[in-house]
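In case you want the letters, here they are:
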Amino acid sequence: MSETQVALLGGGFSTDDDGLLDDWMLGHARTSRPRVCFLPTASGDAAGYAEMFLTAFAPRRNCTPSVLSLFRREFDDEALRGHLLAQDVIYVGGGNTANLLAVWRTHGVDRLLREAYDRGTLLCGISAGANCWAQGSHTDSFGPLTFLSDGLGLLPGSVCPHYDSEPGRRPSYQRSVATGALPGGWALEDGTGALFTDGQVTEVVTRDPAAHVYRVERDAAGGVRERPLPSRLL
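Figured I'd write up the structure that's included with this text. (Residues numbered from 1 in each chain as written. Predicted model: local features only at pLDDT ≥ 70, side-chain atom pairs only at ≥ 80, totals over all residues. Heavy atoms only, no water.)

### Comments concerning the pairing of strand 11 (residues 200-206)
Right, on to step 1. Across 6 bridges, the pairing between strand 10 (residues 192-197) and strand 11 is antiparallel. The residue of strand 11 that forms the bridge with Thr192 is Thr206.
Right, on to step 2. Turn length for the strand 10-strand 11 hairpin, with the two strands adjacent in sequence and antiparallel, is 2 residues, and the turn residue Asp198 shows positive phi of about 50°.
Right, on to step 3. With 2 bridges connecting them, strand 11 and strand 14 (residues 232-233) associate as parallel partners. Across the sheet, the residue bridging to Thr206 is Leu233, located in strand 14. (Pairing = 2+ DSSP bridges. Helix = DSSP H or I, 4+ residues; strand = E, 2+ residues; numbered from the N terminus.)

In structure tokens, the structure reads:
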């Protein structure tokens, strides 16, 4: 069985001009010129988002980019499987986590992503694209900030993006963990990245020395413990 990898991104081409987090992510692909497929499902396959990805990745000489649309699906089941399993990196964009998961399950993409993961494809994403890989996540998919407990489960525990940049994120996520609505997990401030290898954190990076990834766990007193993880400055 191949080594499995997931990269959670607190930034990337859609938010940063320097490309540092995307460069870091590509450096963990299994080949020197990886095939990178962008899934903008969480945004309803927004054309502008897909174009932003291609504008950022097409000029790169160290990857071969593509975009997979499910709202305007062109592949039959066999071709869909072939395309996804041929990728070295699958990059999932932000948007609505709950809708993302529902659409994937309708089209069988959830099963294909698990198969790709088991074969060594690097899975990554920002916001909803980071949330989706864990057992549960903290989300605004339903309007107010709340928890979602039916992620893909490739990573144990839960994920919270935008930990420092969206009002209410930190206390709401901590409350979800403290009450047991979500298992303990990882909270990413914007500008950070976390690599998981075989389900364990193996590297944390940041493009801002003030930004951190935190491990957040329920404590015995009904609250939470929040611990910043050591990180490397990009």
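### Observations regarding the sheet that holds strand 13 (residues 224-228)
Right, on to step 1. Strands sit in the order 7-6-8-9-12-13 across an open sheet of 6 strands; the sheet is mixed. The open sheet has two edge strands with one neighbour each: strand 7 (146-148) and strand 13. Within this sheet the neighbouring strands show an average axis-to-axis angle of 25°, counted without direction.
Right, on to step 2. The sheet contact formed by strand 12 (residues 213-218) and strand 13 spans 5 bridges and is antiparallel. Opposite Val216, over in strand 13, you have Glu226 as the bridge partner.
Right, on to step 3. Running over the sheet, helix 7 (residues 169-178) touches strand 6 (134-139), strand 7, strand 8 (155-160), strand 9 (185-188), strand 12 and strand 13 and is turned about 35° from strand 12. (Axes fitted to C-alpha atoms, helices over the stretch in contact; angles between N-to-C directions. Contact = heavy atoms within 4.5 Å.)

### What about empty space enclosed by the protein?
Right, on to step 1. Across all of its chains, the model carries 1 cavity of 30 Å³ or more by this definition.
Right, on to step 2. What the largest cavity holds in volume is close to 40 Å³.
Right, on to step 3. Lining the largest cavity are Leu9, Gly10, Ile126, Ser127, Ala130, Pro161, His162, Leu188 and Asp190.
Right, on to step 4. In terms of residue class, the lining of the largest cavity is made up of 5 nonpolar, 3 polar and 1 charged. (1 Å grid on protein atoms, 1.4 Å probe; cavity = no way out; pocket = protein on both sides within 12 Å on 5 of 7 lines; lining within 4 Å. Points joined across faces, edges and corners; volume = space filled by probe spheres on them. Nonpolar A, V, L, I, M, F, W, Y, C, P; charged D, E, K, R; others polar.)

### Describing the environment of Ala128
Right, on to step 1. Examined against the element boundaries, Ala128 turns out to sit in helix 6 (residues 128-131).
Right, on to step 2. Distance from Ala128 to Val109, taken between C-alpha atoms, is 16 Å for residues 19 residues apart in sequence.
Right, on to step 3. Those residues within four positions of Ala128 in sequence are excluded, and the remaining contacts are Ala42, Gly93, Gly94, Gly95, Asn96, Thr97 and Leu100.

### Considering the nonpolar core
Right, on to step 1. Within the largest apolar cluster, 40 residues are counted, with the highest numbers of intra-cluster contacts made by Leu8, Leu39, Trp104 and Trp133.
Right, on to step 2. The residues contacting Trp133, other than those within four sequence positions of it, are Val6, Leu8, Val92, Trp104, Leu113, Leu123, Cys124, Gly125, Leu152, Gly153, Leu154 and Leu155.
Right, on to step 3. If you look at the next biggest cluster of nonpolar residues, it comprises 21 residues, including Leu9, Tyr49, Tyr91 and Cys124. (Core = buried A, V, L, I, M, F, W, Y, C linked by side-chain atoms within 4.5 Å. Buried < 20%, exposed > 50% of the residue type's maximum accessible area, 1.4 Å probe, protein only.)

### Examining the environment of Gly223
Right, on to step 1. Positionally, Gly223 belongs in the loop between strand 12 and strand 13.
Right, on to step 2. Residue Gly223 is classed as partly exposed on the basis of its relative accessible area of 22%.
Right, on to step 3. In the structure, Gly223 is positioned 49 residues away from Gln174 in sequence and 7.8 Å away in space, judged by C-alpha atoms.
Right, on to step 4. When neighbours within four sequence positions are excluded, Gly223 is seen to be in contact with Ala178, Glu217 and Arg218.

### Comments concerning the sheet that holds strand 10
Right, on to step 1. With mixed pairing, the 8 strands of this open sheet are ordered in space as 3-2-4-5-1-10-11-14. Unpaired on one side and paired on the other, strand 3 (64-67) and strand 14 mark the two borders of the sheet.
Right, on to step 2. Bridge count for strand 2 (residues 35-39) against strand 3 is 4 bridges, and the pairing is parallel. Residue pairing in the sheet places Arg35 in a bridge with Thr64 of strand 3.
Right, on to step 3. Contacting strand 2, strand 3, strand 4 (89-92) and strand 5 (122-126), helix 2 (residues 47-57) runs over the sheet at an angle of about 175° to strand 3.

### Some thoughts on helix 2
Right, on to step 1. Taken together, the buried positions of helix 2 are Tyr49, Ala50, Phe53 and Phe57. For helix 2, the angular spread of buried residues about the axis comes to 100°, placing them on one side. In helix 2, those exposed residues whose orientation departs by more than 90 degrees from the buried face are Ala47, Gly48 and Thr55. (Arc of directions from axis to C-beta.)

### As for the side chain of Ser127
Right, on to step 1. One can find Ser127 in the loop between strand 5 and helix 6.
Right, on to step 2. A distance of 2.8 Å separates polar atoms of two side chains, one belonging to Ser127 and the other to His162.
Right, on to step 3. Residues contacting Ser127, with those up to four places away along its chain left out, are Leu9, Gly94, Pro161 and His162. (Polar contact = N/O pair within 3.5 Å; in protein donor to acceptor, adjacent residues only side chain to side chain.)

Taken by themselves, the reported measurements are silent on function.
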